[in-house]
Amino acid sequence: MIKSGKKLAMLVIFFTLMACSWQTESDPDEKPLATGESNWRTYGVGDPRQLDWGDMHNNTRLDNSDSLRSVVEHVDGVAEAIVIRTDMNAYVAVRTVGATGMRNGELTDAMRARIILAVKTANSKVMNVYASGRSEVFETLSSYAAKLENGESERNLVRSFNANMKQYFPYSVLGQ
């Protein structure tokens, strides 16, 4: 009985290895995906407008995060912040001190990077941080935060929140 068990195990291993080697055979007509400039131009990999970012804002829960808000407000140049935490995302709207960290009405890449680093350092479960310095984003997030604090159900808010965030953050900035 032990010999038949060993034979069966050997047969399973043999067929598994055969199946793996069969799947890894390469097609002679298939060109491997290289990192050359021609592939980047051909497939548009670096262009965020060509990627499907639609599922980035499919959140199912909302939470007003006071702890992350205080962390963001300690970043140099930030006067006031609103942070709403979702499943794996954090949405941050800030008002800066004067024009510090702003260019053309939006956060500079350096300021946005400092905010993202502060949030991800404070909470390692946050996968994506969407930060903005635009006044309309600040007002929208303030409105959602006030509704959450007043006890309105997040279930009632999450659909409109996702739709608004898709408009404000159509694609990921800084490749986070």
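Participant: Mind showing me how you'd approach helix H4 (residues 109–122) here?
Facilitator: The periodicity of an α-helix, 3.6 residues per turn, causes residues three or four positions apart to be oriented the same way. Over its 14 residues, H4 extends 20 Å from the first C-alpha to the last, a length consistent with the 20 Å expected when each residue adds 1.5 Å. For H4, the set of buried residues is Met111, Arg112, Ile115, Ile116, Ala118 and Val119. Buried residues along H4 cover an arc of 160° about the axis, so they all sit on one side. Structural note: H4 exposes Leu117 and Thr121 on the side pointing more than 90 degrees away from its buried face. Buried residues along H4 sit against helix H3 (66–73), strand S2 (78–85), strand S3 (89–96), strand S5 (106–107) and strand S6 (128–132).

Participant: Explain the pairing of S2 to me, please; I cannot follow it from the model alone.
Facilitator: As a general feature of sheets, a regular strand has side chains that alternate between the two faces. For S2, the buried fraction is high: 6 of the 8 residues fall into the buried class. Two elements, strand S1 (residues 63–64) and S2, share 2 bridges in a ladder whose sense is antiparallel. In the sheet register, Asp63 faces S2, and the bridge partner there is Arg85. Pairing between S2 and S3: 7 bridges, direction antiparallel. Bridged to Arg85 within S3 is Ala90. Hairpin connection of S2 to S3: 3 residues between the antiparallel strands.

Participant: I keep staring at the sheet that holds S1 and nothing clicks. Help me out?
Facilitator: Within a beta sheet, neighbouring strands are joined by backbone hydrogen bonds and run either parallel or antiparallel to one another. Overall, mixed pairing links the 4 strands, which are arranged S1-S2-S3-S6 in an open sheet. The open sheet has two edge strands, S1 and S6, and neither has a second partner. Running over the sheet, H3 touches S1, S2 and S3 and is turned about 150° from S2.

Participant: Hey, could you run me through the nonpolar core in this one?
Facilitator: Side chains of a nonpolar character, in soluble globular proteins, are inclined to be buried together. Core analysis: the biggest nonpolar cluster contains 19 residues, and Leu62, Tyr91, Leu141, Phe161, Met165 and Phe169 have the highest contact counts within it. Going through the elements one at a time, S2, S3, helix H5 (135–149) and helix H6 (154–168) are the ones with two or more residues in this core. By residue number, the principal contributor to this core is H5, which donates 6 residues. Discounting residues that sit within four places of it in the chain, Leu141 has contacts with Ile82, Ile84, Tyr91, Val92, Ala93, Phe161 and Met165. Counting residues in each nonpolar core, the second largest holds 18 residues, with Val72, Val92, Met111 and Val129 among its members.

What counts and how
Residues numbered from 1 in each chain as written. Predicted model: local features only at pLDDT ≥ 70, side-chain atom pairs only at ≥ 80, totals over all residues. Heavy atoms only, no water. Helix = DSSP H or I, 4+ residues; strand = E, 2+ residues; numbered from the N terminus. Expected span 1.5 Å × (residues − 1). Buried < 20%, exposed > 50% of the residue type's maximum accessible area, 1.4 Å probe, protein only. Arc of directions from axis to C-beta. Contact = heavy atoms within 4.5 Å. Pairing = 2+ DSSP bridges. Axes fitted to C-alpha atoms, helices over the stretch in contact; angles between N-to-C directions. Core = buried A, V, L, I, M, F, W, Y, C linked by side-chain atoms within 4.5 Å.

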